[in-house]
Amino acid sequence: MQSTLYGKDFITTEDWSVPELESALEMGAELKRRFAMGEPHDHLLRARTLFMLFFEESTRTRNSFETGMTQLGGHAIYLTPSATQIGHGENAKDTGRVLARYGHGIAVRDCRTGIGQPYQYDLAKWADIPIFSMQDDVDHPCQAMADLMTIRERFGNDLRGRKFVISWTYAPKYVRPLSVPQALIMLMTRWGMDVTLAHPKGFEMMPPTLKAARQHAAESGAKFEVVNDMDAAFEGADVCYAKSWGPITVTEEPKEVQRMVDEHKGWKCDERRMGLAQREAIYMHCMPIDRGYEATDAVIDGPQSVIYDEAENRLHIQKALMTLTMGGRG
Ligand code: CP
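Residues numbered from 1 in each chain as written. Predicted model: local features only at pLDDT ≥ 70, side-chain atom pairs only at ≥ 80, totals over all residues. Heavy atoms only, no water.

### Describing the domain arrangement of the protein
Stage number 1. Under the domain assignment used here, the protein contains domain 1 (13-140 + 313-326) and domain 2 (143-310).
Stage number 2. One C-alpha centre belongs to domain 1, the other to domain 2; they are set 25 Å apart.
Stage number 3. At the junction of the two partners, domain 1 supplies 25 residues and domain 2 supplies 29 residues.
Stage number 4. For the pair domain 1 and domain 2, the two sides together bury roughly 2,300 Å², of which 57% comes from carbon and sulfur.
Stage number 5. Taken together, domain 1 and domain 2 are joined by two salt bridges.
Stage number 6. Here Lys-32 and Glu-153 are joined by a salt bridge, their closest N and O atoms 2.8 Å apart.
Stage number 7. Counting across the domain 1 and domain 2 interface gives 17 residue pairs in polar contact (both at pLDDT 80 or more).
Stage number 8. Secondary structure elements with two or more residues in the side of domain 1 that touches domain 2: α1 (18-37), β4 (131-136) and α12 (307-326).
Stage number 9. If one sorts the elements of the side of domain 1 that touches domain 2 by residue count, α1 sits on top with eight residues.
Stage number 10. For the side of domain 1 that touches domain 2, a count of residues per class yields nine nonpolar, eight polar and eight charged. (Domains from an automatic or database assignment. Contact = heavy atoms within 4.5 Å. Buried area = accessible area lost by both parts, 1.4 Å probe. Salt bridge = Lys/Arg side-chain N within 4 Å of Asp/Glu carboxyl O. Polar contact = N/O pair within 3.5 Å; in protein donor to acceptor, adjacent residues only side chain to side chain. Helix = DSSP H or I, 4+ residues; strand = E, 2+ residues; numbered from the N terminus. Nonpolar A, V, L, I, M, F, W, Y, C, P; charged D, E, K, R; others polar.)

### Some remarks on the environment of Val-239
Stage number 1. With respect to the helices, strands and loops of the structure, Val-239 is situated in strand β8 (residues 239-243).
Stage number 2. Counting along the chain gives 65 residues from Val-239 to Gln-304, while the straight-line C-alpha distance between them is 9.7 Å.
Stage number 3. Every residue in contact with Val-239, bar those within four places of it in the chain, is listed here: Ile-151, Phe-155, Lys-163, Phe-164, Val-165, Ile-282 and Met-284.

### Focus: the state of the cysteines
Stage number 1. Counted under the stated rule, the structure contains zero disulfides.
Stage number 2. The thiol sulfur of Cys-142 is not disulfide-bonded, and the nearest other cysteine sulfur, from Cys-111, lies at 12 Å.
Stage number 3. By relative accessible area, Cys-142 is classed as buried at 0%.
Stage number 4. Considering cysteine sulfurs only, Cys-240 is the nearest to Cys-269, which forms no disulfide, with 6.2 Å between them.
Stage number 5. Looking at Cys-269, the relative accessible area reads 0%, which means it is buried. (Disulfide = S-S within 2.5 Å. Buried < 20%, exposed > 50% of the residue type's maximum accessible area, 1.4 Å probe, protein only.)

### Let's talk about a positive patch on the surface
Stage number 1. A surface patch of like charges, here positive, comprises Lys-93, Arg-97, Arg-101 and Lys-125.
Stage number 2. The biggest single contributor to the positive patch is helix α3 (residues 92-102), with three residues.
Stage number 3. By secondary structure assignment, the location of Arg-97 is in helix α3.
Stage number 4. The partly exposed category is assigned to Arg-97, whose relative accessible area is 42%. (Patch = residues over 30% accessible without salt bridge, like charges linked within 9 Å, V, L, I, M, F, W, Y side chains within 5 Å. Areas by Shrake-Rupley, 256 points an atom, 1.4 Å probe, with all protein chains shown as cover. Lys, Arg positive; Asp, Glu negative; His and termini not counted. Charge placed at Lys NZ, Arg CZ, Asp CG, Glu CD.)

### As for the site of the ligand
Stage number 1. Residues in contact with the ligand, as listed here, are Ser-58, Thr-59, Arg-60, Thr-61, Arg-109, His-140, Gln-143, Cys-286, Met-287 and Arg-314.
Stage number 2. Within the side chain of His-140, an N or O atom sits 2.9 Å from an oxygen atom of the ligand.
Stage number 3. Here an oxygen atom of the ligand and a side-chain polar atom of Arg-314 are 3.2 Å apart.
Stage number 4. Taken atom by atom, the bulk of the ligand overlaps the largest pocket. (Near = heavy atom within 4 Å. 1 Å grid on protein atoms, 1.4 Å probe; cavity = no way out; pocket = protein on both sides within 12 Å on 5 of 7 lines; lining within 4 Å. Sits in = over half its atoms within 2 Å of the grid points.)

### Brief notes about the sheet that holds strand β3 (residues 105-110)
Stage number 1. Strand order in the open sheet formed by four strands is β2-β1-β3-β4, with parallel pairing between adjacent strands. On the outer flanks of this sheet lie β2 (75-79) and β4, each paired with one strand and no other. When the angles between neighbouring strand axes are averaged without regard to direction, this sheet yields 15°.
Stage number 2. Sheet topology note: the β3/β4 ladder contains four bridges and is parallel. Bridge assignment links Val-108 to a residue of β4, and that residue is Ser-133.
Stage number 3. Across the face of the sheet, α12 comes into contact with β1 (49-54), β3 and β4 while running at roughly 150° to β4. (Pairing = 2+ DSSP bridges. Axes fitted to C-alpha atoms, helices over the stretch in contact; angles between N-to-C directions.)

### Details of the packing of aromatic side chains
Stage number 1. In this structure the tally under the stated criterion is eight aromatic pairs.
Stage number 2. With a centroid separation of 5.1 Å and an interplanar angle of 80°, the aromatic rings of Phe-10 and Trp-16 are classed as edge-to-face. No difference in accessibility class separates Phe-10 from Trp-16, as the two residues are buried.
Stage number 3. An angle of 75° between the planes, with centres 6.0 Å apart, marks the rings of Trp-168 and Trp-267 as edge-to-face. With Trp-168 in strand β5 (residues 163-168) and Trp-267 in the loop between α9 (254-262) and α10 (271-274), this residue pair connects regions lying 99 residues apart in the sequence. The exposure classification of Trp-168 matches that of Trp-267, with both residues buried.
Stage number 4. Clustering of aromatic rings is evident, with ring pairs tying together Trp-168, Phe-203 and Trp-267.
Stage number 5. Between the NZ or CZ atom of Arg-62 and the centre of the ring of Tyr-78, over which it lies, the distance is 3.8 Å.
Stage number 6. One residue, Lys-93, lies across the ring of Trp-126, its end atom 4.6 Å from the ring centre. (Phe/Tyr/Trp six-rings, centres within 6.5 Å; stacked < 30°, edge-to-face > 60°. Lys NZ or Arg CZ within 6 Å of the ring centre and 35° of its normal.)

Here's what the structure looks like:
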C-alpha cells in the first residue's frame, strides 16, 4: 500500500504507477467490504469537501462521488458552468485558486474534444488540492479502475493472458466520447491482459492513447491488436466490453457522424456473439446503455453481464482514490 499519494491528482491513470493504482484497488476492495459489513468509515474524510464540476450530465459519476463523500464523512458540492462564474468566462487559475482555499478536492467532467483534459491540468497547476477526472475527452480513469476491480473480482488478481475485448457498437441516440475505450486500452494492457480493440474504419482512437497501449503491452508482455471485425474480436474472449463511441478523430460534424454511424448497424452485442467468447466470459458496459442497439436485453440482463457490479464499483474505487489523496495528513 502506497502512503505517498496525499495531494496527488488523478486526471489519468497514465500519471500513476502500477503500484500506486494497485494501492487504490486494494483500498477499494477493503472499503467495499466495510460498506457491505456496515462498518463505519466516516472518519476517513471527515469535514472535507469535494467540488464536483460537471460540464455534461451524469447518473453514475455524480451519485457515486457524492454518496462516497457522505460515507467518508465529508461533503460534495455539485457545480456546473452556469451555476458558477465559469459560465461567464472565469478562468481555471481563478476558479482553482479560490476553490482550493475552501475545500480539499476538485472533480471535473469535461468531455469537450481538445479542451477537457487540458482544462484539468490547468486547474491542477493553480489549485494545491487534488484534481480528479470524472471523464474528459481522453480518459475516464475512474470508470476504467472500477472495471478493472470488477474483472479482478471475477478472474482473480493475476489477469495475464486473459483476452480483453473492447468493441465499438452501433447506437443511434448520441455520440459518446472516446474516453472509455481509450481508458480501457491504456489500463488493461498494464495488467497483462491481451487487449483487442475492434471498430469499423473511421472510429479510431487518438494516436497517443494507441501508443500508450502498445507500450504498456510491450512492457507487461501482453498483446495489443486493433481489428475491424467484431466477430473475430469476440473469438475466445474472457471479457466482452461493447459500447458505442463517435468517429471523433475523423469528424464531429453531426450529419457526417450520423452517416458514418448508420453504416454499421450490425455492430451489436448479442447472444450469438457472446457464444464466440469463452464460456465463462463476462459482458461489460459502463452505462448508460442503448438497450436493443448496443446489446440485446438477453445479454444485458443475462448471467454473463456484470454491468451493475461495474456501476457499484465506481463508488468503492472513487472512495479509495479520494481517501488516498485527500485523507491522512492535514
Ligand atoms: N459510466 C458513467 O460515467 O456514467 P454517467 O455518465 O451516468 O456518469
